[in-house]
Amino acid sequence: MALIQLYTQFNRVWIPDAEHVWKSAEIVRDFHFGDHILQLLLENGTELKYPVESSPPELPPLRNPDILVGENDLTALSYLHEPAVLHNLKVRFLESRIIYTYCGIILVAFNPYKQLPIYGDAIIQAYSGQNMGDMDPHIFAVAEEAYKQMARDHKNQSIIISGESGAGKTVSARYAMRYFAVVSKSGSKTQIEDKVLASNPITEAIGNAKTIRNDNSSRFGKFTEISFDNRYRIIGANMRTYLLEKSRVVFQAESERNYHIFYQMCACAHLPQFKELQLMSADEFHYTSLGGDIVIDGVNDRKGMEETQQTFSLLGLKEDFQSDVFKVLAAILHLGNVEMKSSGDDRSSISHSDPHLHIFCELLGVRADDLVRWLCNRRLVLVSETVVKPLHKDRAVNSRDALAKRIYAHMFDCVINRINEALRVAGKQHAFIGVLDIYGFETFDINSFEQFCINYANEKLQQQFNLHVFKLEQEEYMKEDIPWTLIDFYDNQPVIDLIEAKMGILDLLDEECLFPQGTDQSWLQKLSNYLDSNPLFERPKLSNETFVIQHFADKVEYQCKGFLEKNRDALYEELVDVLRVSQFAFLAKCFQEQGKEGLNMKGIKVKPARPSVKSANKQLRSSVGDKFCSSLSLLMETLNATTPHYVRCIKPNDEKLPFEYDSGRVVQQLRACGVLETIRISAQSYPSRWTYFEFYSRYSILMTNEEEGINDKTQMCKYVLQRLIQDPNQYKFGRTKIFLRAGQVAYLEKLRLDRLRGACITIQKYVRGWIQRRNFLRLRQATILIQHYIRGKRTVRKAVSAANLKQGWSAVVIQRYWRGFRIQKVYQTEMTELQSEVDGLIIKKQNMEKMFEASSKEQKEKFDQIKMNLLEEKETQARLRKIAENNLGIQRQDHEKELGSLKEEIRRLKDERVSLQMKMEDGDQMAADLQDQVAQLTKHVKVIPELRRDLSNLQNQKNNVDRRMKQQSEEARAKLREISRLLAGSVVEEDVLLGLTADYSEKTYEAEDLLAAFNGLEKATRTLENHRKEQKESYETQMEGLRLKMDYLQNENSSLQTLFIEKNNINDNIRQEVCRLSSENSVIPQLKVQISELHRQKNELEALVGEQTKELEEKSDAIKNTLQRRIEEESSKCRHFEEQVEGLEETKKDLQGQIKDLQEEKDHQSRQLQMERDAKIRLRLEASQLSSKNLDFEDLLDQKERIIKQLENHMISLETAQKAQKTSSPSPKHYLGMLEYKKEDESRLIQNLIVDLKPKGVAVNMIPVLPAHILFMCIRHADYMNDEDKLQSFMNVTISAVNKVSMAHQNDLASLVFWLSNMYQLLNCLKQYSGEEEFRKQSTPRQVNNCLQNFDLSDHQQVVSDLAICIYHRFIAAMERALTPAIVPGMLEHESLQGISSMKPRGFIKRSSNNNSDMETYTISFIIQRLSHFHTNMMQHGTEPHLMKQVVKQLLFHIGATTLNNLLLRKDMCSCRKGMQIRCNISYLEEWLQEKDLQSCHLIDTLKPLTEAAWLLQVRKSTDDDAKAITEKCTELNTVQIVKILNSYTPTDGFEKRVASSFVRKVQSLRQDHDGSAQLMMDAHYRFPVTFPFSPSSQALELLQVPSSLHLEFLTMI
């Protein structure tokens, strides 16, 4: 769309204004091509006719939509021009109180003239590791980007900080270096980071001074190289200085001061270390009183001196060096007070009694006569003689001042060199980051040589900046495959050539300095002669002492007076010789090294971007201008070899008022520092650049139904843009981005706002219609109801009379009596019939009882017979069992003898193996030992046939025993079958009979196992021992089987005997016995038949009664049915006709309904097409939720399986314990719950139980806190034995081992939570068994008896508690490390509510920092999955619920604090929609707590600050009531945080409004009485105090079994 088409009604433009530079106006009427006037309406209500030239029309710049105002990046604005930039900066600075703003690659920094809470360590940690565009603009973001690019690209970086005096350059450089020092801590003992930061106070003391514009103005340029090693830790630093303002030493303008160090020394003149300097007050020295002000408000010079001395010491500069520096500085002050007198005839003199002269000579160790002579005279060397010429007083004063300046300059260079030596650390430099703190473009009322050099340096820096921006633009176009078109940008090379080229300004200046008689006027005349044709050079017509240069920023008029003198920097050689022979070694050394000064520092060999301009005359190398050119060339070479980052500092006003904005001063600095040039370059191309996804998310509302049906979003975006913007030159399609011309985003925003406004109107229309219809229906219903009651009342009044009421009442009375008489007759007849039927049933019941008595007697006789038979069988089985036991005992003795012989053989084999191992150590006898071993093995092989024969004998014996037992079991089963057949009438099945007897046919061992065991003897001797154990266990299991079978028969006997006990209630006993016998293999089926017969008879009786009652009811209803049938036949005919009519109406309605269904189906299909996109978007979220749920279910299944395994293992251990008690001797052994170990086994115990233990295996297969119980059982034994040394040693090694294991596995969550649970359990055991009354109350009597007896372990309790706290903090830290990367993306950036997008246009920085598509995408589901993983780990390892709640509370606090801190530093996230997203994510966490049964612990309260912040983003913020509500609701947020959120609130569309400054002030006034922290950031690493409440254990130590898998066989159970 053409730009002229946007000048329509209600759009706003910017017009020039004398006071505010630009002011806003609204277009009253559409502008058309050919109009000469643009009708405007100003903000004050006045109309303005703005004249417009016709060809081409020069229209005022358009104003951006309000939604784009206040952006973090100026390049995100749709209209890029000067008023848009100025207004955006003003809104951010005044309304949002934000001092940093991006302008492409530039960080624009305003000086707030106020301390802000945005530079703490918490802020540094928040910016560390973040992309530059993800957070709000900040100097820390620039520093992090430089640090990250250095580590990623392995290339040197530079941060160029420039601006006017007082704009905050020094502070910005200081914060950048502080950031590097914090994020790259080396941990070495050199403390190099602290030294780098300590260099700032020294350089500020000797290089900064108060000026009219700034109280701490840097009067020199500084480039600090911070060196890093290959691990990107600071290893050193190096400083270069440029153009020190030496003239300030001897002259200061009104209201200015000399360098700070002089005033600091004068403030400390009374201290002992300064007594020898004989200092006075600063107003008594000439050099410190010229400006008039010797004190700066709010600055304590005495404290400044203390800080300077401390930093000197921190850098390793000893007191001797400090004393030398202070002597030189004091001497300069006294030199300024040396009085020059005029003695006539153009002569000057100095009194020899001048006290300041003697102090100066005494401090510097020079001769007073020589000094006086050469201050008042000058030596002229002629061809044939040398002449001493007296100097005039003014020349003598200049000579004195030149000496003072030279001394100060040498002192300054010496201090800088010593600082560099202190910052230079041994080690290879891998890369560096340079921080350039240099003066910005300056223009004053009187501009001299210093301003000329400063502006020349800024010309060079601006040229480098333009080329860098141009290069970045070209790279962006090439990467996106967009045709590159040459952008016209300002090239300041002609200005640079004017200054530095041959026969340029500097070259002519150096040439004029060669002539002794050269003057500023003669030099200016040369400039006019040589440069008059240059359009960038001008000579004012009304002045003969000035010239004008057209710089890139502005025209500057320079005063030529003093140029030659300052360029020469002349000091007579005689005075230099006087200082060189000084007795003061420090001063003499400085002047002896004069030839080596300047750039004698560690340089960096780099390839310059362009060849430097060589000087026209090599003899002029000593001039100040030439030195400055050389240092500037080296600086540019260094910068060109690095990746630059730019910071432009701006002064908002000249009065140094906090948060006051002077548009005129700001726009002047923006023009001078290149910000507007960057905007202009961006505006010429395609400044607005969106990814296809961002464009789709923002402008999908403008798509048609056909376009939404396209699956390819890239193609869809292209179709939409081609339809909306007809001019193809206004946009370009890249590979990943859409490039838009200036103004097109504003046009798209207008279309989007119109669409939203139309949708809102439609919604309002239907809602209002629905409300009106609902009110109408309610009114209609109420009206109908009122009419109904009124009509009914009228009808009643008409129908009711006395005669009608009497007749009606009479009819009712007659009906009542007639109905009563009829019912009484029917009742009497039915009662007689029922009585007769009841009598018959009673007789039948008596007959059935007699039959039951007879059958019970018969069953009793049968039971007696069964009992006798079973007793006989029991006796027979007992005899057989005794015989089998005797046979088995004999066989077992034989086997034991054989096993004894085998054991002896094993011992002999072991001895031989040991001897073989000893012989193998001897290398000479290796062969002989092998032969002996082979011979011995062959002997054992011969024994194998004999063993096989023994095995076959054992197998035959086993088969015989099995055969006998099988015969006995068959005989028993046969007898039982006969008895059962007699009882049940030979109808019981075979499988039931088999169920009544035990199965004796089960085999307990196999012959193949024995053969495998004997064959294994040939391979290794160990298998023989295992075979013996297996054989013994097989015989024991065989005996156990026989005992179990006997128990089974006895139980069967007892169950049969119980049948004879129950005789009181015959019927109930019979039913119970029948159910019991039927459940136990259906022994008596006849009873079932009888019972079923009785049930059948009962059912027949009940059926007869039911039929009779039904007949009576049918007879009584017959008369009614006959009468009603006739009436219904007649009425059915009428209904039939009515139904036919209704059927026709229903068919008509069905047809209409089908038509509506078709229409609804059509609408549904259209809605379904519209919902396809949302469904696809929700698919990912649902998939992630399902996957997380599946993982949770898998964790639950694993957990349940582990619990089942633990219970099974516990049951097995209990069963084995019970079996052991049964099979033991008649006097069982009772354990005391103690474990004994030998002193030499202590290390093995610690190694196996702590160091080598795998937590996962313990959690799955054993009790989770088993190691704690084992350790305590060992402690109990040491206490029981009263062995203090053993106890002390065991506790020490245990604590040390657990601590080492937890430290070695700081990232292993399973290990940390395992030992945390065990240490907690060990602490509980120490308390529970300590014997203290408060702990004994919750213990069992057995546990009370097992309390510790001899030692008080309260001190060890504290040690164990401290260790548990350390493990707890390591566990928390490990979980935080695993969770932190997902917090901000999942809680803040991820949009869990689909369709509520808060995406807005983004600038260059945001675009360039989000190109990494390989990064993992985190969501709230991922966070919940992580929390579930942590919770599962704690559950598996038996963590106490109270401790688990503390862990979850700490994690939720970390999530809330991290999210809130990031929210406070991201203006783009402070919107209403983002508040809804955050609240939704918090609700997911609440659901997770409810799922884990943690909602009752108020753990969600730790997220209350974040909840309040989300609420604050959503609530209305306009009225006083809103301010009161915010004050009452936001109790967890402090005032600073609330104000920050309100100031950062950013609307995402045109329907929202910004928070007014008056509202913010209202909230601040209401919260004045609220006490709270003034910190902006929450401490995300804060730890809640952890407590370990006493939790008694129900585990009986005497029943605890030590698993064999722990390899603790050397422990003995006591």
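This text goes with the structure placed above it.
The text that follows walks through the structure, step by step, so that each part is easy to find. (Residues numbered from 1 in each chain as written. Predicted model: local features only at pLDDT ≥ 70, side-chain atom pairs only at ≥ 80, totals over all residues. Heavy atoms only, no water.)

1. Describing the side chain of K1286
- With respect to the helices, strands and loops of the structure, K1286 is situated in helix 36 (residues 1284-1304).
- The buried charged residue K1286 lacks any salt bridge, with D1283 as its nearest oppositely charged partner at 5.5 Å.
- Looking at K1286, its side chain comes within polar contact range of the main-chain oxygen of Y1237, at 2.8 Å.
- Leave out the neighbours within four places in its chain, and K1286 touches Y1237, K1239, E1242 and H1277. (Helix = DSSP H or I, 4+ residues; strand = E, 2+ residues; numbered from the N terminus. Buried < 20%, exposed > 50% of the residue type's maximum accessible area, 1.4 Å probe, protein only. Lys, Arg positive; Asp, Glu negative; His and termini not counted. Salt bridge = Lys/Arg side-chain N within 4 Å of Asp/Glu carboxyl O. Polar contact = N/O pair within 3.5 Å; in protein donor to acceptor, adjacent residues only side chain to side chain. Contact = heavy atoms within 4.5 Å.)

2. Topic: the packing of aromatic side chains
- In this structure the tally under the stated criterion is 41 aromatic pairs.
- A centroid spacing of 5.0 Å and a plane angle of 35° characterise the contact between F93 and F659, whose relative ring orientation is tilted. Of this pair, F93 sits in helix 1 (residues 82-95) while F659 sits in the loop between strand 20 (643-650) and helix 20 (663-673), and the two are 566 residues apart along the sequence.
- Pairing F547 with F563 gives two aromatic rings, centres 5.9 Å apart and planes at 65°, and the pair type is edge-to-face. (Phe/Tyr/Trp six-rings, centres within 6.5 Å; stacked < 30°, edge-to-face > 60°.)

3. As for the sheet that holds strand 4 (residues 47-51)
- Spatial ordering of the open sheet is given by 1-2-3-4, a layout of four strands whose pairing is antiparallel. Only two strands of the sheet have a single neighbouring strand rather than two, namely strand 1 (12-17) and strand 4. Each strand axis lies, on average, 50° off the axis of its neighbour in the sheet, ignoring direction.
- Across the sheet, helix 1 touches strand 1 and strand 2 (21-27), and the angle it forms with strand 2 is around 100°. (Pairing = 2+ DSSP bridges. Axes fitted to C-alpha atoms, helices over the stretch in contact; angles between N-to-C directions.)

4. So, the nonpolar core
- F180, I261 and Y408 are the most contacted members of the largest nonpolar core, which has 352 residues in total.
- A per-element tally of this core places helix 40 (residues 1354-1389) first, with 15 residues. (Core = buried A, V, L, I, M, F, W, Y, C linked by side-chain atoms within 4.5 Å.)

5. Notes on the pattern of salt bridges
- For the structure on display, the rule yields 40 salt bridges.
- The salt bridge involving E43 is made with R63; its shortest N-O contact spans 3.7 Å. With E43 in the loop between strand 3 (37-42) and strand 4 and R63 in the loop between strand 4 and helix 1, the pair connects residues that are 20 residues apart, well separated along the chain.
- Assessed through its relative accessible area of 64%, E43 is described here as exposed.
- Residue R63 is classed as buried on the basis of its relative accessible area of 13%.
- Note that E245 and R219 form a salt bridge whose closest N and O atoms lie 2.5 Å from each other. On the criterion of sequence distance, the pair formed by E245 in the loop between strand 11 (234-242) and helix 6 (260-267) and R219 in the loop between strand 9 (217-218) and strand 10 (221-228) is long-range, its members being 26 residues apart. Each member of the pair E245 and R219 is classed as buried.

6. Observations concerning helix 25 (residues 744-799)
- Between its first and last C-alpha atoms helix 25 spans 82 Å; for 56 residues at 1.5 Å apiece the expected length is 82 Å, and the two agree.
- Taken together, the buried positions of helix 25 are Q744, V745, A746, Y747, L748, E749, R752 and L756.
- Tucked inside the fold, the buried residues of helix 25 contact strand 21 (688-691), helix 22 (692-699), helix 24 (713-724), strand 23 (737-740) and helix 44 (1472-1491). (Expected span 1.5 Å × (residues − 1).)

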